[in-house]
Amino acid sequence: MDITALTTGLNTFWVLIAGALVFFMQAGFALVEAGLTRSKNTTNILFKNLMDFSIGTLGFWLIGYGIMFGEGSGFFGSFEFFSTTDHGSALGIPNEAFFFFQLVFAATAATIVSGAMAERTKFVSYLVYSAIITLIIYPISGHWIWGGGWLSQLETPFVDFAGSTVVHSVGGWLALAGALVLGPRIGKYKNGKINAIPGHSITLAALGVFILWLGWFGFNPGSTLGLGDAGLVARIFVTTNAAAAAGAVATLATTWIRYGKPGLSMSLNGVLAGLVAITAGTHAVTPGAAVIIGAIAGVLVVFSVEFFDKVLKIDDPVGAISVHGVCGAFGTLAVGLFATEGGLFTGGGIALLGTQTIGVASVFAWAFGIGLILFFAIKYTIGLRVSAKEEENGLDYYEHGEKAYN
């Protein structure tokens, strides 16, 4: 075997293993969402996470992959039905490996929306909007950044290495639109009071976060798409892990000071906040900067959850909007501050920070705006929300006829 074939083989193996780790994150999201919601809706939540990936696979292959990576304009790729166009070999890996890796990212974006709209969404409506996300919404903004679109063509190109904005903020802003249109769960806001609705299993939620933490070692290091720079891959492992740990500790400290007791459920979200925030610049910052980014995200997520819950009265059972939308946006902006090349705090001026701001604002406008259109369209056609009786008695029985616990 010659050196070129060996290199291609190793890089392909690495991308596929990393993709498999990102696929396993679906299990993590399912457990987090199930654990932080009530037991009467567990079957529904697990079913939605199953169908996210199943529908996402077919939809992304049908037209999403071409829209995201096809040659078109700066705003839209091309229609390549069940694409066989080679978008991978130029990167040193087979097209099939690149497709699979991008597919698992697309499915992640759709999964994020599920948590914010849990416990009151019609299953059929969920299937519709999940499909549209992976078919059209995610690929269009993804094209702007990863498919050679306009944000990647700016004088100082936009930087989002593994998807703080491309994946997480898109999912988070769609979740914001969905939760806003859908409305809160029954009993959440009553007589001017905010009522906590505890999840049924912190054990499931904790296990889910550990699975997601593991999966992120595919999400971020795998985005190198090869092992040619072993030092870079290793550094990404370190920065990813450092941000997660710092996020957990910062949230622990914040909740302890603010509420008088350390909160596990919020600290679990602190881990995810740190991971989401570091994803954009994991390749471009030092481990020390990763700790700072993760710690800020760990504090930010606490106040963001409070803001959406207490000020805006938007019911997000798992904190998806704050973890993925807000911390994804923060992490993307942080690249413009902490990047070793071009960061404001490292002597690079404000050009990169300006580009990052443009990208964050543009993706917010796209995802939130199109999300409002999508969810209002569903609401006034097939309906978005289950009946009050179904919600109060649980979606497992009324939507699926089977309960998770017997």
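This is a predicted model, so every value here is computed, not measured.

Calculation criteria
- Residues numbered from 1 in each chain as written.
- Predicted model: local features only at pLDDT ≥ 70, side-chain atom pairs only at ≥ 80, totals over all residues.
- Heavy atoms only, no water.
- Helix = DSSP H or I, 4+ residues; strand = E, 2+ residues; numbered from the N terminus.
- Expected span 1.5 Å × (residues − 1).
- Buried < 20%, exposed > 50% of the residue type's maximum accessible area, 1.4 Å probe, protein only.
- Salt bridge = Lys/Arg side-chain N within 4 Å of Asp/Glu carboxyl O.
- Phe/Tyr/Trp six-rings, centres within 6.5 Å; stacked < 30°, edge-to-face > 60°.
- Core = buried A, V, L, I, M, F, W, Y, C linked by side-chain atoms within 4.5 Å.
- Axes fitted to C-alpha atoms, helices over the stretch in contact; angles between N-to-C directions.
- Parallel < 35°, antiparallel > 145°, perpendicular 65-115°, else oblique.
- Left-handed = near helix turned anticlockwise from the far one by under 90°.
- Nonpolar A, V, L, I, M, F, W, Y, C, P; charged D, E, K, R; others polar.

Enquirer: I would appreciate a short explanation of helix α3 (residues 95-116) in the present structure.
Expert: Note that an α-helix has 3.6 residues per turn; residues three or four places apart therefore point the same way. Counted at 1.5 Å a residue, the expected span for α3 with its 22 residues is 32 Å, and the 34 Å between its end C-alpha atoms agrees. Burial analysis of α3 places 20 of its 22 residues in the buried class, the great majority of the element.

Enquirer: Looking at this structure, how should I read the pattern of salt bridges?
Expert: Tallying each qualifying case throughout the model produces 7 salt bridges. E119 is the partner of R38 in a salt bridge, and the nearest nitrogen-oxygen pair spans 3.0 Å. Of this pair, R38 sits in the loop between α1 (3-35) and α2 (42-69) while E119 sits in the loop between α3 and α4 (123-146), and the two are 81 residues apart along the sequence. Close ionic contact of E391 with R385 constitutes a salt bridge, the shortest N to O distance being 2.8 Å. Overall, R385 belongs to the partly exposed group, its relative accessible area being 25%. Connected via shared salt-bridge partners are R38, E119, R185 and D315.

Enquirer: Teacher, can you tell me more about the packing of aromatic side chains here?
Expert: Ring pairs (aromatic) are described by centroid distance and by the angle formed between their planes. Throughout the structure, instances matching the rule amount to 29 aromatic pairs. Geometrically, the ring pair formed by F69 and F98 is edge-to-face, given 4.9 Å between the ring centres and 70 degrees between the ring planes. Residue F69 is located in helix α2, and its partner F98 is located in helix α3; the two are separated by 29 residues in the primary sequence. For F69, a relative accessible area of 11% puts it in the buried group. A ring pair is formed by F75 and W144, whose centres lie 6.4 Å apart and whose planes are at 80 degrees; its orientation type is edge-to-face. One end of the pair, F75, is in the loop between α2 and α3; the other, W144, is in helix α4, and 69 residues separate them in sequence. Here the aromatic cluster, defined as three or more aromatic residues joined through ring pairs, consists of F60, Y65, F69, F98 and F99.

Enquirer: Would you mind going over the nonpolar core with me for this structure?
Expert: Within the largest apolar cluster, 109 residues are counted, with the highest numbers of intra-cluster contacts made by Y129 and Y138. Among the nonpolar cores identified, the runner-up in size contains 5 residues, and A280, V335, A339 and L352 belong to it.

Enquirer: Honestly, the packing of α2 against α4 in this entry has me stumped. Any pointers?
Expert: Pairs of packed helices are described in terms of their axes, by the angle between the two and the distance that separates them. Between α2 and α4, whose axes approach to 8 Å, the crossing angle comes to 40 degrees. With respect to their mutual orientation, α2 and α4 come out oblique. Between α2 and α4 lies a crossing whose hand is right-handed. Split by residue class, the contact of α2 with α4 holds 19 nonpolar, 8 polar and 2 charged.

Enquirer: What am I meant to see in helix α6 (residues 202-219) here?
Expert: Taking 1.5 Å of rise per residue, 18 residues should cover 26 Å, and α6 covers 25 Å from first to last C-alpha, within 8% of that figure. Among the residues making up α6, those that are buried are A205, A206, G208, V209, I211, L212, W213, G215, W216, F217, G218 and F219.

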